Amino acid sequence: MTISTTTAADAAAPIERIATTPDWYEPYRISQAIRAGGLIFVSGQAGFDEDGRTVEGGFAEQGRQAFRNVERVLAEAGATLADVVKVGIFVRNMAENLDDVIVLREEFLSRPYPADTLLEVSSLARPDWLIEVEVTALDR
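All values derive from a computational prediction rather than experimental measurement.

1. Re the overall build of the protein
Helix and strand counts for the protein stand at two helices and seven strands. If you list the helices and strands of the protein from N to C, you get β-β-β-β-α-β-α-β-β. Here the C-alpha radius of gyration of the protein, 15 Å, is about what a compact globule of 140 residues would show, namely 14 Å. Buried residues in the protein amount to 39% of all 140 residues.

2. Thoughts on the packing of aromatic side chains
Applying the stated rule across the entire model yields three aromatic pairs. Aromatic pair Tyr25 and Phe48: ring centres 6.4 Å apart, planes at 50 degrees, arrangement tilted. One end of the pair, Tyr25, is in the loop between β2 (15–18) and β3 (33–36); the other, Phe48, is in the loop between β4 (39–46) and α1 (59–76), with 23 residues separating them in the sequence. Looking at Tyr25, the relative accessible area reads 10%, which means it is buried.

3. Re helix α2 (residues 94–108)
Residue Asp100 marks the point of greatest curvature in α2, where the axis turns by about 25 degrees. Within α2, burial applies to Asn97, Val101, Leu104 and Phe108. A distance of 3.3 Å separates the backbone nitrogen of Ala95 from a side-chain oxygen at the start of α2, and that oxygen is part of Asn93.

4. A look at unusual backbone geometry
In this structure, Pro22 follows Thr21 across a cis peptide bond, with omega equal to 0 degrees. Within the secondary structure, Pro22 is located in the loop between β2 and β3. A cis geometry characterises the amide bond from Arg111 onward to Pro112, with omega recorded as -10 degrees. Relative to the helices and strands, Pro112 resides in the loop between α2 and β6 (115–120). Although it is not a glycine, Arg29 adopts a positive phi angle of roughly 60 degrees. Classification of Arg29 by relative accessible area gives exposed; the value is 68%.

5. Some details on the pattern of salt bridges
Enumeration over the complete set of coordinates arrives at 12 salt bridges. Across the pair Glu50 and Arg72 runs a salt bridge, and its minimum N-O distance is 3.8 Å. Placement of the pair is Glu50 in the loop between β4 and α1 and Arg72 in helix α1, with a sequence separation of 22 residues. Asp116 is paired through a salt bridge with Arg105; the nearest N and O atoms lie 2.8 Å apart. Of the two residues, Asp116 is situated in strand β6 and Arg105 in helix α2; the sequence distance between them amounts to 11 residues. Accessibility expressed as a relative area gives 28% for Asp116, which makes it partly exposed. Given the relative accessible area of 23%, Arg105 is considered partly exposed. A cluster of three or more residues bridged by salt bridges with shared partners is formed by Glu16, Arg35 and Asp139.

Reading guide: rules and limits
In every chain, residue numbers begin from 1 and rise along the written sequence. Whole-chain, interface and lining totals are the exception, using all residues; otherwise, since this is a predicted model, local features are given only for residues with pLDDT of at least 70 and side-chain atom pairs are given and counted only at 80 or more. The side-chain values count all of the structure's non-hydrogen atoms but skip hydrogen atoms and water molecules. Every helix listed is a DSSP run of H or I at least four residues long, and every strand listed is a run of E at least two residues long, numbered separately from the N terminus. For the radius of gyration, the atom set is restricted to C-alpha positions; the globular benchmark scales as 2.2 Å times the number of residues to the power 0.38. Whether a residue is buried, partly exposed or exposed follows from its accessible area with a 1.4 Å probe, protein chains only, as a fraction of its type maximum: under 20%, in between, or over 50%, in that order. In this analysis, rings of Phe, Tyr and Trp, with Trp reduced to its six-membered ring, are considered paired at centre separations within 6.5 Å, and the interplanar angle assigns stacked below 30 degrees, edge-to-face beyond 60, and tilted for intermediate values. Bend is computed residue by residue as the angle between axes fitted to the seven residues ending at the residue and the seven residues starting at it. Any pair of nitrogen or oxygen atoms within 3.5 Å is treated as a polar contact; in protein, a donor-acceptor pairing is required on top of that, and neighbouring residues in sequence qualify only through side-chain atoms on both sides. Think of a salt bridge as a Lys or Arg side-chain nitrogen and an Asp or Glu carboxyl oxygen that are within 4 Å of each other.

Printed below as a string of structure tokens:
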């Protein structure tokens with residue numbers, strides 16, 4: 001589902017909201033993604049399934065699901081992970097999970113690897129989430 005919003009300040013450059021169904025972000029007044037200025041900005045995706053439940057199996061499985069969720073949102077916008085130019089990865093425990101992050105990058109991203117910011121955070125939106133991934137992609 002895409003919803004276009006044009007601002008009065010710049011009618012030539014619409015801002016388009018990208019959403020999948022179901023849209024778990026709507027109740028929180030967050031867009032899953034925004035298309036603007038030739039880019040697609042995907043909000044942080046965590047390791048939850050289509051029913052909104054956190055996947056089991058620990059950090060690596062949550063990470064895989066987070067990247068699959070990013071892929072799903074990008075697909076709704078007509079893009080793929082190959083279009084990603086910037087990644088932000090937020091983890092709850094860097095020391096324990098850095099090796100898994102590297103494996104996830106290799107599993108889901110390809111050369112030339114996107115620019116990346118990796119941050120350790122004390123918590124995420126839900127206490128059982130261990131990783132969250134956001135991306136910026138080219139809108140081709």
